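# Chain and residue survey
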Amino acid sequence: MPMEFTPLAEADLPMLHEWLGRPHVAQWWGPADSVDELREDFLSGGTTRAFIARLDGEAIGFVQCYVVMGSGDGWWEDETDPGARGVDQFLAHPGQLNRGLGRAMVQAFVARLFEDSTVSFVQTDPSPDNPRAIRCYAAAGFEAVGEVLTPDGPALLMRCRRRTERR
Ligand SMILES: CC(C)(COP(=O)(O)OP(=O)(O)OC[C@H]1O[C@@H](n2cnc3c(N)ncnc32)[C@H](O)[C@@H]1OP(=O)(O)O)[C@@H](O)C(=O)NCCC(=O)NCCS
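This text gives an overview of the structure that appears in the document. Bear in mind that the values here come from a model prediction, so they are computed numbers and not experimental data.

### What about the overall build of the protein?
Each helix and strand counted, the protein has five helices and seven strands in total. The N-to-C order of helical and strand elements in the protein reads β-α-α-α-β-β-β-α-β-α-β-β. Taking 167 residues into account, the globule formula puts the C-alpha radius of gyration at 15 Å, and the protein, at 15 Å, falls close to it. For the protein, the C-alpha atoms occupy an extent of roughly 40 × 35 × 30 Å along the three principal directions. Scored against the burial criterion, the 167 residues of the protein give a buried share of 44%. For the protein, the share of sequence-separated contacts (at least 6 apart) that also reach a separation of at least 24 residues comes to 61%. Accessible area of the protein: about 9,000 Å², with a carbon and sulfur share of 51%. Taking the average place of the 16 positive charges on the side chains of the protein and the average place of its 25 negative ones, the gap between the two points comes to 10 Å.

Here it is in structure tokens:
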């Protein structure tokens, strides 16, 4: 069974809350939002779309996707390309880290985004102190653009272009 991405649903919120509290996730994502905050973030009509990644039917991770331009609150204020998308992600189970699963998840999700012909590139912004994530994203086809200062602190901006456009 291939990797699947199912839109986050109300029934997933307690699981997502529990995942966010796991040390290997909280280390990079910060303190877990409450179930009510997650509902407000993802199920109340905002532009960020959230998905549960499943492999062979098992929930293995989380991916959120946003339109970069117009993010607001000080995020990505220089972006003028309406086709730019951004992704953030994590694997839920600590025993599944460092086995190539993250790059498979990211590659599959990005391929799905590029099915929309209006999507021009996909960005992600790991902490410069997170070499595992940076190496994973590079293996998934992202190239480092440079360090940026986001409202959450320093980040390494990385971009993935459509495969046919890559040199
Ligand atoms: C980031 C994440 C999605 C990557 O998925 P993954 O399956 O663990 O990563 P992969 O196995 O695809 O790739 C990791 C690479 O980093 C390397 N790596 C791991 N720790 C490293 C370290 N401390 N320094 C340098 N490289 C490291 C691995 O060897 C591997 O590279 P290789 O396959 O070329 O040897 C996953 O680790 C995760 O969810 N981490 C916790 C939350 C998080 O950091 N989310 C990202 C926030 S931006």
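That covers the picture; the talk isn't over yet.
### Digging into the site of the ligand
The local shell around the ligand holds 21 residues, among which L91, N98, G100, G102 and R103 are the closest. At 3.0 Å, a side-chain N or O of R132 approaches an oxygen atom of the ligand. Relative to its free-state accessible area of 950 Å², the ligand is covered by the protein chains to the extent of 75%. Broken down by secondary-structure element, the contributors of at least two residues to the shell around the ligand are helix 2 (23-29), strand 4 (84-91), helix 4 (101-114) and helix 5 (131-139). Ranked by residues supplied to the shell around the ligand, first place goes to helix 5 with six residues. Of the residues contributing to the shell around the ligand, the split by class is eleven nonpolar, six polar and four charged.

What counts as what
Residues numbered from 1 in each chain as written. Predicted model: local features only at pLDDT ≥ 70, side-chain atom pairs only at ≥ 80, totals over all residues. Heavy atoms only, no water. Helix = DSSP H or I, 4+ residues; strand = E, 2+ residues; numbered from the N terminus. Rg over C-alpha atoms; globule rule 2.2 N^0.38 Å. Buried < 20%, exposed > 50% of the residue type's maximum accessible area, 1.4 Å probe, protein only. Contact = heavy atoms within 4.5 Å. Areas by Shrake-Rupley, 256 points an atom, 1.4 Å probe, with all protein chains shown as cover. Lys, Arg positive; Asp, Glu negative; His and termini not counted. Charge placed at Lys NZ, Arg CZ, Asp CG, Glu CD. Near = heavy atom within 4 Å. Polar contact = N/O pair within 3.5 Å; in protein donor to acceptor, adjacent residues only side chain to side chain. Nonpolar A, V, L, I, M, F, W, Y, C, P; charged D, E, K, R; others polar.

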